[in-house]
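# Architecture and fold: a report
Residue strings, one per chain:
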Amino acid sequence: MWVWFGVAALFLLFEMVTGTFYLLLVALGLVASGAAAYAGLTLIWQIISGLVVSLIGLVLVHRYRQSKGHVDTQSDPDVVQDVGQRVIVDAWDENGQARVFYRGANWNARIDSNQPAQPGEHYIQAVQGLTLILRPGPYPLTGTQH
């Protein structure tokens, strides 16, 4: 019985390090297994109770995350400081890619889908790995008051 609770405590410590809810669910399942052991159930019922609690928690967390919708952080200016910044494109290659000078270094850039690949002023729409995704023109200011 105490083994279940001890392992649950270890998973809680791992949870604090990683910051995910999934290890917390495993820890709750282990606590359920410990409670089953305390109630005198056999080992198979201890394991089943831990699995059931963990799976129910997984389903609940998954549904909660889906209800919040997917937030694309690659193009969120509150997350990526480069989004909305101005760059100058001298020329595009035939694949819609270019090299731009930004923040003191040369970066790979590509034009966003369904956008014209023309030289001139562009803004950073998103960052995918080490590639800047650009759109032509100045950054559209949204939510500003006139």
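Residues numbered from 1 in each chain as written. Predicted model: local features only at pLDDT ≥ 70, side-chain atom pairs only at ≥ 80, totals over all residues. Heavy atoms only, no water.

Let's shift gears to the packing of helix H1 (residues 2-18) against helix H2 (residues 22-38). To characterise two packed helices, one gives the angle between the axes of the helices and the distance between these axes. Following both chains from N to C, one finds H1 and H2 inclined at 170°, their axes separated by 8 Å at the closest point. As far as their axial angle goes, H2 and H1 are roughly antiparallel. Across the interface between the two elements, Trp-4, Phe-5, Val-7, Ala-8, Phe-11, Leu-12, Phe-14, Glu-15 and Thr-18 of H1 pack against Tyr-22, Leu-23, Leu-24, Val-26, Ala-27, Leu-30, Val-31, Ser-33, Gly-34, Ala-35 and Ala-37 of H2. Residue composition of the contact of H1 with H2, by class: 16 nonpolar, three polar and one charged. (Axes fitted to C-alpha atoms, helices over the stretch in contact; angles between N-to-C directions. Helix = DSSP H or I, 4+ residues; strand = E, 2+ residues; numbered from the N terminus. Parallel < 35°, antiparallel > 145°, perpendicular 65-115°, else oblique. Contact = heavy atoms within 4.5 Å. Nonpolar A, V, L, I, M, F, W, Y, C, P; charged D, E, K, R; others polar.)

Counted at 1.5 Å a residue, the expected span for H2 with its 17 residues is 24 Å, and the 24 Å between its end C-alpha atoms agrees. Residues of H2 that are buried: Leu-25, Ala-27, Gly-29, Leu-30, Ala-32, Ser-33, Gly-34, Ala-36 and Ala-37. Backbone geometry just downstream of H2 places Gly-40 in the positive-phi region, at approximately 90°. (Expected span 1.5 Å × (residues − 1). Buried < 20%, exposed > 50% of the residue type's maximum accessible area, 1.4 Å probe, protein only.)

Glancing now at H1. Taking 1.5 Å per residue, 17 residues should reach 24 Å; H1 reaches 24 Å between its end C-alpha atoms and fits that length. Turning to H1, its buried residues are Trp-4, Ala-8 and Glu-15. Buried residues of H1, seen end-on, are gathered within an arc of 35° and therefore sit on one face of the element. In H1, those exposed residues whose orientation departs by more than 90 degrees from the buried face are Trp-2, Val-3, Leu-13, Met-16 and Val-17. Elements in contact with the buried residues of H1: H2 and helix H3 (43-68). In the stretch just after H1, Gly-19 is the one whose phi turns positive, near 75°. (Arc of directions from axis to C-beta.)

In this section: the pattern of salt bridges. One pass over the full model with this rule turns up three salt bridges. Put simply, Arg-86 and Glu-121 hold a salt bridge, and the shortest N to O gap is 3.4 Å. Residue Arg-86 is found in strand S1 (residues 86-89), and its partner Glu-121 is found in strand S4 (residues 120-128); the two are separated by 35 residues along the sequence. For Arg-86, a relative accessible area of 55% gives the class exposed. We note a salt bridge from Arg-135 to Asp-112, for which the minimum N-O separation is 2.6 Å. Here Arg-135 is found in strand S5 (residues 131-136), whereas its partner Asp-112 is found in the loop between strand S3 (105-111) and S4, with 23 residues between them in sequence. By relative accessible area, Arg-135 is classed as partly exposed at 27%. Taking relative accessible area as the criterion, Asp-112 reaches 13% and is therefore assigned buried. (Salt bridge = Lys/Arg side-chain N within 4 Å of Asp/Glu carboxyl O.)

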